Amino acid sequence: MLKKFIVGLVLALGLGASAAQACPDWRGAPYFGEIRLNAGFVPDPYRRNITAGGTQSLAGCLGQNWAGYTTSRPDFDLYWTGSSSQLTIAVQANVDSILLVSAPDGTFWYNDDANGFNPAITFSNPQQGLYDIWIGTYDGSRRNPGQLVITELNSW
């Protein structure tokens, strides 16, 4: 009975096999590594050179109509601890990039253009735990140099 309920709930929410296939896999090893940051970290902002892009379309992921393409595995993993009023994850690149983040509670957050073509996601009172980060492009191009920026500051 419980199994039928779960399957029915998944189908009712539109999260069938095709939606799951459209989403990147948070369980994969990150391409550009990981960092463990605690609230109040220095230097702030933390910056990491990355390459934006991918071939996996986000259209249909979790029933959303998100634009852009990422890799199937995360680009970077952030392990966050401590208490802070805000945490921003952003991308700076010379290409129209997109940002997808899986928060510790399993929710996905998406942004396309927060600052020109550069995406950013700000978490108020961020949860402790693992943030999986994908840095893609709007048009599906690959190998675009850029920087991942992680900060508690109001500007980056």
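Calculation criteria
Residues numbered from 1 in each chain as written. Predicted model: local features only at pLDDT ≥ 70, side-chain atom pairs only at ≥ 80, totals over all residues. Heavy atoms only, no water. Helix = DSSP H or I, 4+ residues; strand = E, 2+ residues; numbered from the N terminus. Buried < 20%, exposed > 50% of the residue type's maximum accessible area, 1.4 Å probe, protein only. Contact = heavy atoms within 4.5 Å. Areas by Shrake-Rupley, 256 points an atom, 1.4 Å probe, with all protein chains shown as cover. Pairing = 2+ DSSP bridges. Axes fitted to C-alpha atoms, helices over the stretch in contact; angles between N-to-C directions. Phe/Tyr/Trp six-rings, centres within 6.5 Å; stacked < 30°, edge-to-face > 60°. Disulfide = S-S within 2.5 Å. Salt bridge = Lys/Arg side-chain N within 4 Å of Asp/Glu carboxyl O.

A.B. asks: An account of the overall build of the protein chain is needed here, citing residue identities and associated values.
C.D. replies: From N to C terminus, the protein chain includes 2 helices and 11 strands. Seen in sequence order, the protein chain has helices and strands lined up from the N terminus as α-α-β-β-β-β-β-β-β-β-β-β-β. Each of the 156 residues in the protein chain was classed as buried or not, and the buried ones make up 42%. Within the protein chain, residue pairs in contact and separated by at least 24 positions form 77% of the contacts whose partners lie at least 6 positions apart. Accessible surface, the protein chain: about 8200 Å² in total, of which carbon and sulfur atoms supply 53%.

A.B. asks: Account for the sheet that holds strand β6 (residues 86-93), with residues named and values stated.
C.D. replies: Two strands in a sheet stick together by hydrogen bonds in their backbones, pointing the same way (parallel) or opposite ways (antiparallel). Pairing within the open sheet is antiparallel, and its 4 strands lie in the order β2-β11-β6-β9. Looking at strand neighbours, the two that pair on one side only are β2 (46-52) and β9 (120-124), the edges of this open sheet. Mean inter-strand twist for the sheet, computed between neighbouring axes without regard to direction, equals 15 degrees. The pairing of β2 with strand β11 (residues 144-151) spans 7 bridges and is antiparallel. What sits directly across from Ala52, in β11, is Asn144.

A.B. asks: Talk me through the packing of aromatic side chains; I want residue IDs and the actual numbers.
C.D. replies: According to the stated counting rule, one finds 6 aromatic pairs in the structure shown. Plain terms: the ring middles of Phe41 and Trp80 are 6.2 Å apart, the flat faces sit at 90 degrees to each other, and that makes the pair edge-to-face. Of this pair, Phe41 sits in the loop between β1 (34-38) and β2 while Trp80 is found in strand β5 (residues 76-81), placing the two residues 39 residues apart along the sequence. Seen in terms of ring centroids, Trp66 and Tyr110 are 5.3 Å apart; in terms of plane orientation they differ by 10 degrees. Their pairing is stacked. Of this pair, Trp66 sits in strand β4 (residues 65-70) while Tyr110 sits in strand β8 (residues 108-111), and the two are 44 residues apart along the sequence.

A.B. asks: Pulling in residues and values, what's your account of the state of the cysteines?
C.D. replies: What we call a disulfide is simply a covalent bond connecting the sulfur atoms of a pair of cysteines. The final tally for this structure, using the stated rule, is 1 disulfide. Sulfur-sulfur distance for the disulfide between Cys23 and Cys61 comes to 2.1 Å. Between Cys23 and Cys61, the S-S dihedral sits near 110 degrees, and the bridge is therefore right-handed. Separated by 38 residues along the polypeptide, Cys23 in the loop between α2 (17-22) and β1 and Cys61 in the loop between β3 (56-59) and β4 bring together distant segments of the chain.

A.B. asks: Describe in detail the side chain of Thr70, supporting the description with residues and values.
C.D. replies: Examined against the element boundaries, Thr70 turns out to sit in strand β4. With relative accessibility at 0%, the residue Thr70 sits in the buried group. Once residues lying within four places of it in the same chain are set aside, the contact partners of Thr70 are Pro24, Gly53, Gly54, Thr55, Gln56, Leu58, Ile98, Trp134 and Gly136.

A.B. asks: Give a description of the pattern of salt bridges that names residues and reports values.
C.D. replies: The full count for this structure, using the stated rule, is 2 salt bridges. Measuring nitrogen to oxygen at the nearest pair gives 4.0 Å for the salt bridge that ties Glu34 to Arg36.

A.B. asks: Any chance you could break down the pairing of strand β7 (residues 97-102) for me, citing the residues and the numbers?
C.D. replies: Taken across its 6 residues, β7 has 6 buried, putting it largely inside the fold. With 6 bridges joining them, β7 and strand β10 (residues 129-137) adopt antiparallel strand pairing. Looking across to β10, one finds that Leu100 is bridged to Trp134. Note that β7 and β8 share 4 bridges and pair antiparallel. Along β8, the bridge assignment pairs Leu99 with Asn111.

Function cannot be inferred from these measures alone, as they are strictly geometric.
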